[in-house]
Amino acid sequence: MNGKLPDRDEVIAFWFDELEPAQWFRKDTELDGVIRARFGALHDAAAAGELWQWRDTPQGRLAEILVLDQFSRNLYRDDPRAFAQDAMALVLAQETVAQCYDRELEIGWRRFLYMPYMHSESLAIHDEALRLFDQPGLEDNLRYEHLHRDILLRFGRYPHRNAILNRESSEEELAFLQQPGSSF
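Note that this is a predicted model, so its numbers are computed, not measured. Residue numbers here run from 1 along each chain, matching the order of that chain's written sequence. pLDDT decides what is reported in this predicted model: residues at 70 or higher carry local features, side-chain atom pairs at 80 or more are listed and counted, and totals for whole chains, interfaces and linings draw on all residues regardless. Just so you know, side-chain values use all the structure's heavy atoms and leave hydrogens and water out.

**Concerning the nonpolar core**
And step 1. Throughout, nonpolar core names a set of buried Ala, Val, Leu, Ile, Met, Phe, Trp, Tyr and Cys residues whose side chains join them through atoms within 4.5 Å. Think of it in three bands: with a 1.4 Å probe and only protein chains considered, a residue is buried below 20% of the maximum accessible area for its type, exposed above 50%, and partly exposed in between. Within the largest apolar cluster, 46 residues are counted, with the highest numbers of intra-cluster contacts made by Val11, Trp15, Phe16, Leu62, Phe71 and Tyr117.
And step 2. The helix count covers DSSP runs of H or I at least four residues long, the strand count covers runs of E at least two residues long, and both are numbered beginning at the N terminus. Those elements that place two or more of their residues in this core are α1 (8-18), α2 (29-47), α3 (58-75), α4 (86-98), α5 (107-119) and α6 (123-133).
And step 3. Broken down by element, the residue count for this core peaks at eight residues, all from α3.
And step 4. Excluding residues that lie within four positions of it along the chain, Leu62 makes contacts with Ile12, Phe16, Leu105, Trp109, Phe112 and Leu113.
And step 5. If you look at the next biggest cluster of nonpolar residues, it comprises five residues, including Leu152, Phe155, Tyr158 and Phe176. Every residue pair with non-hydrogen atoms within 4.5 Å of one another is taken to be in contact.

**Some remarks on the side chain of Glu64**
And step 1. Within the element layout of this structure, Glu64 appears in helix α3.
And step 2. Here Glu64 is in contact with Leu51, Trp54, Arg55, Met88 and Leu92, once residues within four sequence places are set aside.

**Observations regarding the pattern of salt bridges**
And step 1. Between Lys or Arg on one side and Asp or Glu on the other, a salt bridge is scored when a side-chain nitrogen of the former is within 4 Å of a carboxyl oxygen of the latter. Enumeration over the complete set of coordinates arrives at 16 salt bridges.
And step 2. The shortest N-O distance in the salt bridge between Arg8 and Asp56 comes to 2.6 Å. On the criterion of sequence distance, the pair formed by Arg8 in helix α1 and Asp56 in the loop between α2 and α3 is long-range, its members being 48 residues apart.
And step 3. Residue classification places Arg8 among the partly exposed positions, given a relative accessible area of 22%.
And step 4. According to the relative accessible area criterion, Asp56 is exposed, its value standing at 56%.
And step 5. Between Arg154 and Glu172 there is a salt bridge, with the nearest N and O atoms lying 3.1 Å from each other. Taken as a pair, Arg154 in helix α7 (residues 139-155) and Glu172 in helix α8 (residues 171-177) lie far apart in primary sequence, 18 residues in all.
And step 6. Owing to a relative accessible area of 42%, Glu172 belongs among the partly exposed residues under this scheme.
And step 7. Three or more residues are tied together by salt bridges with common partners; here these are Asp69, Arg73 and Asp86.

**Section: the packing of α4 against α6**
And step 1. Axes here mean lines fitted to C-alpha atoms, for a helix over just the part in contact, with angles spanning 0 to 180 degrees between N-to-C directions. Between α4 and α6, whose axes approach to 13 Å, the crossing angle comes to 50 degrees. Comparing the axis directions of α4 and α6 gives the class oblique. Between α4 and α6 the crossing geometry is left-handed. Facing Leu90, Gln94 and Val97 of α4, the residues of α6 in contact are Ile125, Glu128, Arg131 and Leu132.
And step 2. Residues are sorted three ways: Asp, Glu, Lys and Arg are charged, Ala, Val, Leu, Ile, Met, Phe, Trp, Tyr, Cys and Pro are nonpolar, and all the rest, Gly among them, are polar. Looking at the contact of α4 with α6 residue by residue, the class counts come to four nonpolar, one polar and two charged. Each angle receives one of four descriptions, namely roughly parallel if under 35 degrees, roughly antiparallel if over 145, roughly perpendicular if within 65 to 115, and oblique otherwise. Here is the rule for handedness: rotate from the far helix to the near one, and if that takes an anticlockwise turn smaller than a right angle the crossing is left-handed, while a clockwise turn gives right-handed.

The structure is reproduced here in structure tokens:
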């Protein structure tokens, strides 16, 4: 890398223009490598709180959330660090929603602003997520939010994270994880 970090417009263009929607949630080690090469240093800067200047626009806030929330999962797949920035991404999303800046984003982008709510293991956060995802254009995301929340109602956490986070799984969780579609 030449020392210059990608800017917020590069993050937005990469996520929404370069990638196909099918790539957003699919495990792909090649894509993980691309994100690591192009955005690994930027992720480090975001995790250190160094992208605060991006927060002056809704698009900049979204870009920072993408780096912290989505890129973390690609950079650190099957590693506890995949979830290490979830709280920071959630706080940024909450601030953005509180200031109604989310409404300035097109609906297709908003889903990723709200994604840290879905990634939370807090039922209180999911109550808000249900409200946020209940908008025209986010029906599929709302369906997934209900599925995520149902898992939390049942187990109080996401069992598919247990092995990665070195948490002991209950017998019920282990049985659940054997079912098709139990992991996201």
